Every structure is written in structure tokens, then in C-alpha cells.
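# Residue-level structural notes
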Amino acid sequence: TIVRSVLKKRVPLRMGRMCYSSSAPTTKLFIDGKFVESKSSEWLDIHNPATNEVISRVPKATHEEMLAAADSCSRAYHTWSETSILTRQQIFLRYQQLIKDNIKELAKLITLEQGKTLADAEGDVFRGLQVVEHTCSITSLMLGETLPSITKDMDTYTYRLPIGVCAGIAPFNFPAMIPLWMFPMGMVCGNTYLLKPSERVPGCTMMLAKLLQDAGAPDGTLNIIHGQHAAVNFICDHPAIKAISFVGSNQAGEYIYERGSKNGKRVQSNMGAKNHGVVMPDANKENTLNQLVGAAFGAAGQRCMALSTAILVGEARNWLPELVERAKSLRVNAGDQPGADVGPLISPLAKDRVNSLIQSSVDEGAKVLLDGRNVKVKGYENGNFVGPTVISNVTPDMKCYKEEIFGPVLVVLEADSLDEAISLVNKNQYGNGTAIFTTNGATARKYTHEVDVGQIGVNVPIPVPLPMFSFTGSRNSFRGDTNFYGKQGIQFYTQIKTVTSQWKAEDATLKSPAVTMPT
Ligand code: NAD
């Protein structure tokens, strides 16, 4: 009920049409179990991307507030890390139920701040919820190993233990899923957690924090600060923080990886993408075109796993007109409007950037078969909308191919053979996700073995792994060596202690010092 009352204050009943003044609600910090107003003099406006109206404000936390949050994490660590694993498991069992009970409210907040459609926003929560559900298996996930009788009367066993205070820095495009990749995994292992949500979409994360508190997480186990560079530098530099999970752009991710690592922290950094969908001429055409269009334009292309590049192999190049027709049929509208397929981009700046990348493709000789730049959405004329855009005759040297566009734009290349398609995929700087569409098992097998990409779908357009696996990435899509969630996530948030013990019978007691190395 507290969550609902918070929500009532924050969410206008008719999203996208309500006008706020400078008295827009403020986003609180979450420090030591309390939602507190920041004393900062620096605040950022949060806009509804469908209207650009200011809906709330978020502070850049002061240095004292960030210190208080980190201190709270450090204090709570001593008791939380010693809390029984069954107690931690119970908290996350309650938490997953509370998320399920509030999925619609969480989705509304996402649509309001981020812009994606309500159905897609529910998917955002759901994919994060699955990670929380997985944390409930912590009693199996944290098992150590044993090897009895390594020599006479001697056994070796390992404990998997938490590492201390961990921190997460999140992007704007999945306001629920990505924070839920971070703090539940870290906390269930016995760590305490300092989270910095994206300053553009903090509302959903705050509600997730309230639900975690309602589930019974003790004060100080999760703290939340807001801000931009100063908050990020604080996390990279604070000596109590042992590990940093980052998801976002390369500009930020490479910087955080370097600065955090230099300070001796573990860092996992998931970054940008340019995901290729390879379409073989033997593919199921109907299925492939629908999947490709959904994965290119869903969430307005603002997914790190969006299929933003199509490679049409051989005769599949003739499918282009039908691809364009399907893209044309998608409805662009505010995310809370019935029937909306493609919502707005996050900001006017993002819209300008996407539009200029489309223009760069024209200037460099590509052909815009479907141009979403001048799309008009009735009732939402000030929104950051770009309609589905399809660009053909694209070559690898063009800016629209080299850069991640992060908008509803599909660039199309052609290849004469599977080998040529594989070579294109492997030459791109990113290795986040890819998909191949084919009915030939040998083709699929060759592709999955030869591409250097983290997530590969065979007739699956957005192959985000379930939480018992890990979300990986290669080349410029990832820095670090241990990935998010799954077994690798547990490894990232834990350390190993190895105990070797010997219990001898009394008559086997050593009679003199053993000075040689034991063998
Ligand atoms: P972003 O890098 O702008 O922001 C991410 C976080 O970093 C935010 O919390 C922000 O405050 C902080 N930040 C931003 N610029 C910074 C800087 N110069 N120095 C230090 N910190 C900075 O990313 P975004 O625009 O919010 O998210 C979109 C990007 O995230 C895309 O590139 C997308 O591909 C990527 N992404 C990757 C994955 C993945 O798993 N590989 C998942 C989702 C999004």
C-alpha cells in the first residue's frame, strides 16, 4: 500500500497529457532504509518522452549523501553477510511475489519515464523478475566444493563467500530488468549494494527498492544514490566498494572499467551493440520477416539486443520490399496508447542524433526505403518520435553501419554467401548479439561456431539468455571476465576460501618438525 500511495503521487492518471510546474515531484535518495529528500542544489528534470513535459526531478546527490550511502552499506555488511542463507532466500522469495503483484504499476512508471509501450514495459519487469526468481535458488548456487582424503586424514573444502559492498550503474533503456540483474544477485550472495540508476529513469528503481524493503531487506543492505559523473566517480573511487556492475554505452563503460580496475575493484561492463540478423534464402520467410521487424523496431530500437542490421544472403535480398511493407504497418504512438507498437525515443537529443545518422546514410550513398524522420503522432506533437526506418545499399564503411544507432532504424546489407555474412559480423567492432534465420541445421551450426558474438539466436531474434545462463558479449560489447547473472554472476559477486584440514588419530602425531614442503 505504501508503494501504491507513492505511485499515486508520482503517476498522472492520463499519462502524457498532464502538465507539471516547477513543483514536479522529487525523486528521493534511499539511504539506510529511508527515502530521503536530497539537500543538493543541483537537480535534473525528468521528461515524459511522449510529450517532453517535466514529470519529476532527480537530484545529483551531494558528496556527503553519497558517503552516507556507502557508510550505510559498509555497516550493514557485517550483519547481512552473517545472516543465514535461508533468511536471505526467504526475503527474495517474498520479493519475487511482490514484483509479480506490482508488475502493472512498475510498467506504468517505465512507460511514463522511458516511453516504451506498456506491454513492452511489462516484459522489461518480467525479464528482471526471472533473475529475482533465480536468486531464490541461492542455497544451491552458493555451494562450495569438497575433496576428501587428499592425503591421510586430510580433507579440502571451499566456501563461496560474499565480497563486501558492491555497486551498480544502470542505463536508461531497461529501468527494471537491468537494475534487477544487479542488486538481487549481489545481495542474495551476502553483499550489500549501492545502486545508481540512470538519472533519466529512476522512478521504477525507487519502487523496486520500496518493494525490497517490504520484502524484509534490512536497512542499509541496499542504498540508492542519484547523479551523473560525480556519482560514477564516487563509486569508482570509494575504497569500501569491491565490485562494480555497469551496463550502458562504451564511452561510460570503458571509462568505468578502467577507473574501477585501477582502484583494484572487480568490474563487469556490458556496453554497446550492433546486432546482425543474417537471413538465409532457405529461411521460413513469413516468420523471419515478422521476427526481424519486431526485433528491429520494438522498444523504438532502444534495446542492446535490437536486431539493427540485416544481412540478406543470396536470393533473400528479394524479400526487401516485403520487409519494408511490414515495417510500414507498425503504429507509432505514445507508449500508454492502445495499439502502440513503437514509442518515442528517450530525449530530443536522441531523436536528433538518430535523424542525423539517417541523413549521413543518404549523404554516403545509401537508399532510405522507409523514412521515419517526419512521423507525426496526433496529440503528441512534442514527443521524441521517429518512425520505423529501413536503409538499404549500406556498406561497412558507412557511419550508419559503424555506429550504434539506438533508434528504430534497420540498416540492410547484402551478401552472396554465408561465409561473407560471417566475415561481416566478425569484422564489426561489437559482439553483443546476433541471429541467423535458416531451416538448415548445418548452416546454423556453422554460423553459431564461427561468429564471435556473445548471444546467438537460431530463428530466435532477441536471444537474451534466461538467468540460469549468463548474459555475455565479446569484443567492444564487454569489458571484464565474469558476466552478468547465472553461474558467472554468482562468481562475480563471491570469493572462494579453501580450507585444508587434518584430523589425525592420537597415535599418528608428528614426532619432529616437518621442514620440507608437504607433498
Ligand atoms: P549511458 O552510458 O549514457 O548511461 C549509463 C550509465 O552511465 C548512467 O547511469 C549514466 O549516468 C552513466 N554515464 C553516462 N555517461 C557517462 C560518462 N561519460 N561517464 C561516466 N558515467 C556516465 O548509456 P544509456 O544511454 O543510458 O544506455 C544505452 C546504452 O547502453 C547503449 O549503448 C546500449 O547498447 C547499452 N546497453 C547495453 C546492454 C548490454 O547488456 N550490453 C544492455 C542495455 C543497454
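Throughout this description, residue numbers start from 1 for each chain and increase along the sequence as written. This being a predicted model, a pLDDT of at least 70 is required before a residue's local features are given, and a value of 80 or more before pairs of side-chain atoms are given or counted; all residues contribute to the totals for chains, interfaces and linings. With hydrogens and water excluded, all non-hydrogen atoms of the structure serve as input to the side-chain values.

### Quick look at the sheet that holds strand β18 (residues 433-437)
Filter applied, for reference: Two strands qualify as a pair provided that DSSP identifies no fewer than 2 bridges between them. Strands are runs of DSSP state E lasting at least 2 residues, helices are runs of H or I lasting at least 4, and numbering of each runs from the N terminus. Working convention: axes come from line fits to C-alpha atoms, limited for helices to the stretch in contact. Angles between N-to-C directions cover 0 to 180 degrees.
A sheet is described by the order of its strands in space; here 7 strands give the open sequence β14-β15-β16-β13-β12-β18-β19, paired in mixed fashion. Among the strands making up the open sheet, the edge pair consists of β14 (367-370) and β19 (455-458). Geometrically, the sheet is characterised by an average inter-axis angle of 20° between neighbouring strands, direction not taken into account. Relative to β19, β18 runs parallel, the two sharing 4 bridges. Bridge pairing in β19 links A435 to G457.

### Some details on the pairing of strand β10 (residues 241-247)
Applicable threshold: Burial status follows relative accessibility: with a 1.4 Å probe on protein chains alone, a residue under 20% of its type maximum counts as buried, one over 50% as exposed, and anything between as partly exposed. Crossovers are described as right-handed under a simple rule: with the strands pointing away from the observer, the path leading from the first strand over the helix to the second runs clockwise.
Here β10 lies mainly inside the structure; 6 of its 7 residues are buried. Sheet topology note: the β10/strand β11 (residues 266-270) ladder contains 5 bridges and is parallel. Within the sheet, the bridge partner assigned to V247 lies in β11 and is N270. Viewed along the sheet, the connection from β10 through helix α10 (residues 250-262) into β11 turns out right-handed.

### As for the UniProt feature "domain: Aldehyde dehydrogenase" (unreviewed entry) in the chain
Convention followed: UniProt positions are given in the numbering used here, feature names are shortened, and annotations may be inferred rather than shown by experiment.
As recorded in UniProt, the sites labelled "domain: Aldehyde dehydrogenase" (unreviewed entry) are residues 35-499. Spanning residues 35-499, this segment combines 40% helix with 21% strand, and its end C-alpha atoms are found 42 Å apart.

### Observations regarding the pattern of salt bridges
So the rule is basically this: Between Lys or Arg on one side and Asp or Glu on the other, a salt bridge is scored when a side-chain nitrogen of the former is within 4 Å of a carboxyl oxygen of the latter.
All chains considered together, the criterion is met by 25 salt bridges. Across the salt bridge formed by K28 and E37, the nearest N and O atoms sit 2.9 Å from each other. For E37, a relative accessible area of 41% puts it in the partly exposed group. Here the salt bridges share partners, and the residues they tie into one network are K285, E286, E322 and R326.

### Brief notes about a nonpolar patch on the surface
What counts is decided by this rule: Patch membership requires more than 30% relative accessible area and the absence of a salt bridge. Residues of like charge join within 9 Å; the nonpolar side chains Val, Leu, Ile, Met, Phe, Trp and Tyr join within 5 Å. A 1.4 Å probe and the Shrake-Rupley method give the accessible areas. Residues count as covered only by the protein chains that appear here.
A cluster of nonpolar side chains, L466, M468 and F469, forms an exposed patch at the surface whose accessible area comes to about 310 Å². The topology assignment puts M468 in the loop between β19 and β20 (474-475).

### Considering the packing of aromatic side chains
Short version of the rule: Two rings belonging to Phe, Tyr or Trp (six-membered ring only in the last case) form a pair when the distance between their centres is within 6.5 Å. Interplanar angles under 30 degrees mark stacking, angles over 60 mark edge-to-face geometry, and anything in between is tilted. Our definition puts a charge over a ring when NZ of Lys or CZ of Arg is within 6 Å of the ring centre and also within 35 degrees of the ring normal.
Counting across every chain of the model gives 10 aromatic pairs. With a centroid separation of 4.9 Å and 40° between ring planes, the pair formed by W181 and F471 is classed as tilted. One end of the pair, W181, is in helix α7 (residues 177-188); the other, F471, is in the loop between β19 and β20, with 290 residues separating them in the sequence. One exposure class covers both W181 and F471, and it is buried. With centroids separated by 5.1 Å and ring planes inclined at 80°, the aromatic side chains of F492 and Y493 adopt a geometry described as edge-to-face. Each of the two residues, F492 as well as Y493, counts as buried. Cluster of aromatic residues (ring-pair linked, three or more members): W181, F471, F484 and Y485. Over the ring of W43 we find R57; its NZ or CZ atom is 5.1 Å from the centre of that ring.

### Considerations on the nonpolar core
To keep it simple, the criterion reads: Nonpolar cores are built from buried Ala, Val, Leu, Ile, Met, Phe, Trp, Tyr and Cys residues. Side-chain atoms within 4.5 Å join them into one set. When checking whether two residues touch, look at their non-hydrogen atoms; a contact exists if any pair is within 4.5 Å.
One finds V278, V394 and V411 to be the most contacted residues of the largest nonpolar core, which totals 64 residues. Setting aside anything within four residues of it in sequence, one finds V411 in contact with S308, T309, A310, I391, V394, C400, Y401 and I405. Judged by nonpolar contacts, the second largest core, of 58 residues, contains I103, I178, W181 and L211.

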